Amino acid sequence: MKKILVLATLLILLTGCSISKVDSRSFDSIINTILYKDVDLSNTSYEGYKLYKPRGTMVNEKKEYNLEIRDKKNSYYLYVDIVSYYYKTKATHEIDSNIFYSKNLNYKNNFGYIDITKLDNKKYFLEVMYNYAKIEMIVDEDNLYDAFTNVCYMLSSIKFNDSAIKYKLSHRELETTTEEFNIFKSKKSEDNFLKYVEEFDKYENTTAKDDDVIKTETSD
């Protein structure tokens, strides 16, 4: 009997890491241990805000306050709403029980939501809005947890520069920010996401690559 128990335990341990079944309880764990923490790290800074960019990622393109960040497998589209942050704009989000995972976020003064929609071919459309910023991406099922972890690190680490934002607002330099992209609205549609990505890629005044990023720390 003991031998059978030991063999069964070993089998679970050996096969557990290869199981790719997505479990929503893991998302809750990542939220509580990473997103709902005051991440005091930053290695990338722009005028108006700074953030922590996880190891293995790089800034590929920049459009105003928005970034495309890449790793070996994924593109993370980050949208930072400076205007809504300055005026402390808030909005509500309705949980959608018809998609794979939907959750409202509320930690201290930060609010937001998570919507994960399952697509075809074991892919997921991931939307996370938090801390007056939003990341959208399409990710393979076997990389969903790692990508979600990176998203939580980035969003929880964003710190705003109030004086820089106030200066730009007073000089009317942020007039179009909220009109171009509404971070409070969930797309829940791959088509809507891809349309915006196409427009992002066509942007003529894009600042590309990490060479244009002000490095503040080398924590990663």
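Residues numbered from 1 in each chain as written. Predicted model: local features only at pLDDT ≥ 70, side-chain atom pairs only at ≥ 80, totals over all residues. Heavy atoms only, no water.

Okay, the overall build of the protein chain next. Helix and strand content of the protein chain: 7 helices and 11 strands. When the 220 residues of the protein chain are sorted by exposure, 47% land in the buried category. Considering only contacts in the protein chain between residues 6 or more positions apart, those separated by 24 or more positions represent 62%. Entry remark: accessible area of the protein chain is about 12700 Å², with carbon and sulfur atoms responsible for 49%. (Helix = DSSP H or I, 4+ residues; strand = E, 2+ residues; numbered from the N terminus. Buried < 20%, exposed > 50% of the residue type's maximum accessible area, 1.4 Å probe, protein only. Contact = heavy atoms within 4.5 Å. Areas by Shrake-Rupley, 256 points an atom, 1.4 Å probe, with all protein chains shown as cover.)

What follows covers the confidence of the model for the protein chain. Detailed reading of the predicted coordinates is not advisable wherever pLDDT falls low. The pLDDT averaged across the protein chain works out to 79; a share of 69% of its residues lies at or above 70. This stretch, residues 2-20, has a pLDDT under 50; its non-local contacts, to residues over four places away or in other chains, come to 1 contact. A low-confidence stretch, residues 202-220 stays under pLDDT 50, and its non-local contacts, those more than four residues away or across chains, total 43 contacts. (pLDDT = per-residue confidence, 0-100.)

A few words now on the nonpolar core. By size, the foremost hydrophobic cluster in this structure holds 49 residues, and its most contacted members are Tyr49, Leu78, Phe148, Leu155 and Phe160. Tallying contributions element by element places helix H4 (residues 144-157) first for this core, with 7 residues. Excluding anything up to four places from it in sequence, Leu155 contacts Leu35, Leu78, Val128, Tyr130, Asn131, Ala133, Lys134 and Ile135. (Core = buried A, V, L, I, M, F, W, Y, C linked by side-chain atoms within 4.5 Å.)

Listed as buried for helix H5 (residues 162-170) are Ala164, Ile165 and Lys168. Axial view of H5: buried residues confined to an arc of 95°, hence all on one face. Turned more than 90 degrees away from the buried face of H5, the exposed residues are Ser163, Lys166 and Ser170. Against helix H3 (82-86) and strand E10 (159-160) lie the buried residues of H5. (Arc of directions from axis to C-beta.)

Take a probe with the size of a water molecule and roll it over the atoms, and the empty space left behind shows itself. Taken as a whole, the largest pocket holds about 280 Å³ of empty space. Lining the largest pocket are 16 residues, with Tyr107, Asn109, Asn110, Asn131 and Ile158 sitting closest to its centre. When grouped by side-chain class, the residues that make up the lining of the largest pocket number 6 nonpolar, 4 polar and 6 charged. (1 Å grid on protein atoms, 1.4 Å probe; cavity = no way out; pocket = protein on both sides within 12 Å on 5 of 7 lines; lining within 4 Å. Points joined across faces, edges and corners; volume = space filled by probe spheres on them. Nonpolar A, V, L, I, M, F, W, Y, C, P; charged D, E, K, R; others polar.)

Counted residue by residue, strand E8 (residues 123-130) has 7 buried out of 8 residues, so it is predominantly covered. Note that strand E7 (residues 110-118) and E8 share 7 bridges and pair antiparallel. Residue pairing for E8: Ile116 is matched across the bridge by Leu126. In this sheet, strand E9 (residues 133-140) lies alongside E8 in antiparallel orientation, the contact comprising 8 bridges. Bridge pairing in E9 places Tyr124 opposite Val139. Counted along the chain from E8 to the antiparallel partner E9, the turn is 2 residues long, and its residue Asn131 has a positive phi close to 60°. (Pairing = 2+ DSSP bridges.)

To continue, consider H4. Counted at 1.5 Å a residue, the expected span for H4 with its 14 residues is 20 Å, and the 20 Å between its end C-alpha atoms agrees. Most of H4 sits out of view: 11 of its 14 residues are buried. Leu144, Ala147, Phe148, Thr149, Asn150, Val151, Cys152, Met154, Leu155, Ser156 and Ser157 are the residues of H4 that are buried. (Expected span 1.5 Å × (residues − 1).)

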